[in-house]
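Inside the fold
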Amino acid sequence: MEVRWLVCFLAGGFRLPSTKEMEDDIKKWDEYRRKHSAYIYKKPSVTGMDAKKIGIVGAGISGLLACKYVREKGFIPIVFEMKDMIGGVWLRTLDHTLLQTPKIAFQFSDFPWPSSVTSDHPTHGEVLEYIQSYARQFQLLQYIQFNSQVVGMEFVKDSCSSKDGVLPSVSDDAWSGEPFTSGGTWQITVHNVLHGCSQVHTVDFVIICTGRYGDIPKWPLFVKGRGPEVFKGKVIHAVDLYSMEPKEVDNLITGKRIVVVGFLKSAIDIAAKCANINGMEFPCTLICRKPLWHFPGTFGWTIALAFLYGTRFSELLDHKPGESLFLSLLATRWGLNKLVELCLQWQFPLKKFGILPEEGVFQQIASCHVAALPENFFTCLEEGSIVIKKSESWGFYDSGLMLENENEPVEADVVIFATGCRATQKLKNIFKSSIYQQFISGSESNIIPLYRECIHPWIPRMAVIGHTEAVSNLFMSEMEVRWLVCLLTGGFRLPNTKEMKEDMRKWYQYKENHGGFQHSKSSVSAIQIWYNDKLCEDMGCNPRRKKNWFLEFFSPYGPADYSNLKIL
C-alpha cells in the first residue's frame, strides 16, 4: 500500500500538502499512538522528514561522545576528522607518556576500562586503544569522514544568503530559548587532504569538538634579531614533535644539547625523555618563566587531592559563580591550601632548585595549571640530567639562548618550545564570517564567551564541546554533551540573552578572581561539582548523586556517579 501510494505521488497523481499541514498530521498520529499505546509507547526517532543533520568537527573524545549521544536521540551525525584515525590529542604524544588523571576519573560513564589495564595511570597506547574501543563498541566509525578538514563554516538563513556568511541582522535573539528556532542551516566546506578536493555539507546544527590542543602552536614573541632565525641549530614546537615517529624523536634527541621552554605537562614530559636518553652527558635545560605547583602521580597524592579538592564539602570552602551570601561566608580554604603547599615543600626540594611558586596552589588548580610529575623527575634534578633555569625573557644567538639575568649563554643544538597552542585561533579560523570570528574570539582575556561553557548567545545552532578544562576532560565533555542533547531534544529552554550574559559575567569574574596570572585559560577544575550541578538542574535531573548525605558531602565525585543519569 505504501509503495502504491508513493508511485501515485511520483506519477503526479496528487500533490503533498504544505509542510505545516504535514507537521500537523504527524502530530495527530503521534498523539494517537501515545493515547492508545501508553504502556509500550516509545517516541519514534526523529528520522525522515523531521531528522536533523548534526555536523561534528573533530573525532577526538568530545567528537565521539557527541556522535554517540546525538545518534541515540535519532539525529543524523556527520563527523569530520582531519586525520586518518580517531583519538584526538592522544594520536600525537610521546610514546612514554602516561595518563596523569587516574583512570577511575577518566572513563566513559557506560564503558569502563578493560580488566587488562591494571595501572591507575595507563600508558599512551592503552589510552588510545580505550578510546578506539569505545568507537567500535558503539559503532561510531560509520559516521566519521576521515581525512576531512573543515576549512570554513557559513550560516545561511532560510530563503536568503548573507554577505560574508553573516545573518542579515545579527541580534541578541539568535537562540530564542531553543536550538532550532532561528531558521537557517550551516554550510560546512570540507577539504579532503588526500585527494585535494572540497565539498560543501549542509547541516542543521554544528558541534565543534576541536579541543584546546594541537594544530596551531603558540610561539613567544622575540625582539628583532634575537629570534630563531639567528640560531644555527634546530627549533621545533612540541606540536610538531608529537607528530613525529618515535624513532625520529629519539634521533632528534640522542647526543644533543636540548633546551625545552615551558613548565607544564608537555615540557616536563619532553625534559624527562631527554634525560632518560642522554643522561648527564648531555643535560636537558628546562627554561620556565614562572614555577608552578606540580604533584607526584603517586597513589597517595591522587587520593589526597581527590578528597581535598573533589568532594562537595571541599567545594563549600571555595567561592563559586552565582553563589549565595551564605555560601560565600563558608569559603575559607586558605588554611587547607597552605597545608598542601607545606606538604609539597616538605616532600620536594623546591627552594633548592629555585622552583618554589609565588602563587598559591589553589590558583593553579582553578586555572588547571598543574601536572603530574614523572616518577624520577627530582632524581634527574639531583643528578643533573635536567637543569632548570628561570627567566622572564630570552633571545637566540647563533649557538643557543641568552637568558635575562644570566651572564653565561645556554648552548644548544635543539630548542623545543612547549608553550601551548592557540585554541581560540583554531576556533576562529573555522568561521567564514568576520563577525562570528569576532564573537568566538571573546575579549582580550582570551576566554571564549560561552554559556554553560558550550553555547555562544550570538551564534545560532552551534555549540562548543571540550574547550574548557577540568580535572578530567573526558568526564566534563560527556556531561556537556548530555546537556546539549537534552537541549536539542527539547528537554529545556535556554534563558534569554540578557540572563545568559549575566551568568557568563559571573563565571568570568570567578575565573579572573581565582585563576591567578593564568585566569585567561577556561577552566572549572576547582568547582566541577558545582558546574555539573548547574547542568543537572537544567536537564531536570537530581544533582545529588550519592546514596546518603555522608557520601554526598565527603566522597569524591566521578564519572560513575553520573552513569545512570536520565536525560529527558
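Residues numbered from 1 in each chain as written. Predicted model: local features only at pLDDT ≥ 70, side-chain atom pairs only at ≥ 80, totals over all residues. Heavy atoms only, no water.

Notes on the packing of helix 14 (residues 423-430) against helix 15 (residues 434-441)
Running from amino to carboxyl end, helix 14 crosses helix 15 at an angle of 155 degrees, the nearest separation of the two axes being 8 Å. In terms of orientation, helix 14 lies roughly antiparallel with respect to helix 15. Regarding helix 14 and helix 15, the two cross each other, and that crossing is right-handed. Here helix 14 contributes Thr424, Leu427 and Lys428 to the contact with helix 15, which in turn contributes Gln437, Ile440 and Ser441. Looking at the contact of helix 14 with helix 15 residue by residue, the classes come out as two nonpolar, three polar and one charged. (Axes fitted to C-alpha atoms, helices over the stretch in contact; angles between N-to-C directions. Helix = DSSP H or I, 4+ residues; strand = E, 2+ residues; numbered from the N terminus. Parallel < 35°, antiparallel > 145°, perpendicular 65-115°, else oblique. Left-handed = near helix turned anticlockwise from the far one by under 90°. Contact = heavy atoms within 4.5 Å. Nonpolar A, V, L, I, M, F, W, Y, C, P; charged D, E, K, R; others polar.)

Some details on the packing of aromatic side chains
Across all of its chains, the model carries 33 aromatic pairs by this definition. These aromatic residues form a ring-pair network of at least three members: Phe108, Phe111, Trp113, Tyr130, Tyr134 and Phe138. Sitting over the face of the ring of Phe180, Lys52 holds its NZ or CZ atom 5.1 Å from the ring centroid. Sitting over the ring of Trp530, Lys534 keeps its end group 4.4 Å from the ring centre. (Phe/Tyr/Trp six-rings, centres within 6.5 Å; stacked < 30°, edge-to-face > 60°. Lys NZ or Arg CZ within 6 Å of the ring centre and 35° of its normal.)

Remarks on helix 4 (residues 124-137)
With 14 residues, helix 4 ought to run about 20 Å at 1.5 Å a step, and its terminal C-alpha atoms sit 20 Å apart, in line with that. Every buried residue belonging to helix 4 is among His124, Val127, Leu128, Tyr130, Ile131, Gln132, Ser133, Tyr134 and Ala135, and all of these are buried. Contacts from the buried residues of helix 4 go to helix 3 (61-72). (Expected span 1.5 Å × (residues − 1). Buried < 20%, exposed > 50% of the residue type's maximum accessible area, 1.4 Å probe, protein only.)

Focus on the environment of Pro349
Take Pro349: it is sitting in the loop between helix 11 (334-347) and helix 12 (361-366). Separated by 26 residues in the primary sequence, Pro349 and Glu375 have C-alpha atoms spaced 15 Å apart. In this structure Pro349 touches Phe378 and Glu382, once residues within four positions along its chain are discounted.

Here's the deal with the pattern of salt bridges
Tallied over the full model, the rule gives 17 salt bridges. Between Asp538 and Arg452 there is a salt bridge; the shortest N-O distance is 2.8 Å. Here Asp538 is found in helix 18 (residues 528-539), whereas its partner Arg452 is found in the loop between helix 15 and strand 18 (462-464), with 86 residues between them in sequence. Between Asp533 and Arg544 there is a salt bridge; the shortest N-O distance is 3.9 Å. Of this pair, Asp533 sits in helix 18 while Arg544 sits in the loop between helix 18 and helix 19 (549-554); the two residues are eleven residues apart in sequence, bridging distant segments of the chain. Judged by its relative accessible area of 6%, Asp533 is buried. Within this structure, Arg312, Asp533, Arg544 and Glu552 form a network of salt bridges that share partners. (Salt bridge = Lys/Arg side-chain N within 4 Å of Asp/Glu carboxyl O.)

A short note on a nonpolar patch on the surface
Together, Phe313, Trp549, Phe550, Leu551 and Phe554 line one region of the surface with nonpolar side chains, adding up to about 520 Å² of accessible area. A total of four residues in the nonpolar patch trace back to one element, the largest contributor, which is helix 19. Relative to the helices and strands, Phe554 is located in helix 19. Classification of Phe554 by relative accessible area gives partly exposed; the value is 34%. (Patch = residues over 30% accessible without salt bridge, like charges linked within 9 Å, V, L, I, M, F, W, Y side chains within 5 Å. Areas by Shrake-Rupley, 256 points an atom, 1.4 Å probe, with all protein chains shown as cover.)

Focus on the sheet that holds strand 2 (residues 76-80)
The five strands lie next to each other as 3-2-1-7-18, forming an open sheet whose pairing is parallel. Only two strands of the sheet have a single neighbouring strand rather than two, namely strand 3 (144-145) and strand 18. Both strand 7 (residues 205-208) and strand 18 contribute to a ladder of three bridges, which runs parallel. Along strand 18, the bridge assignment pairs Ile208 with Val464. (Pairing = 2+ DSSP bridges.)

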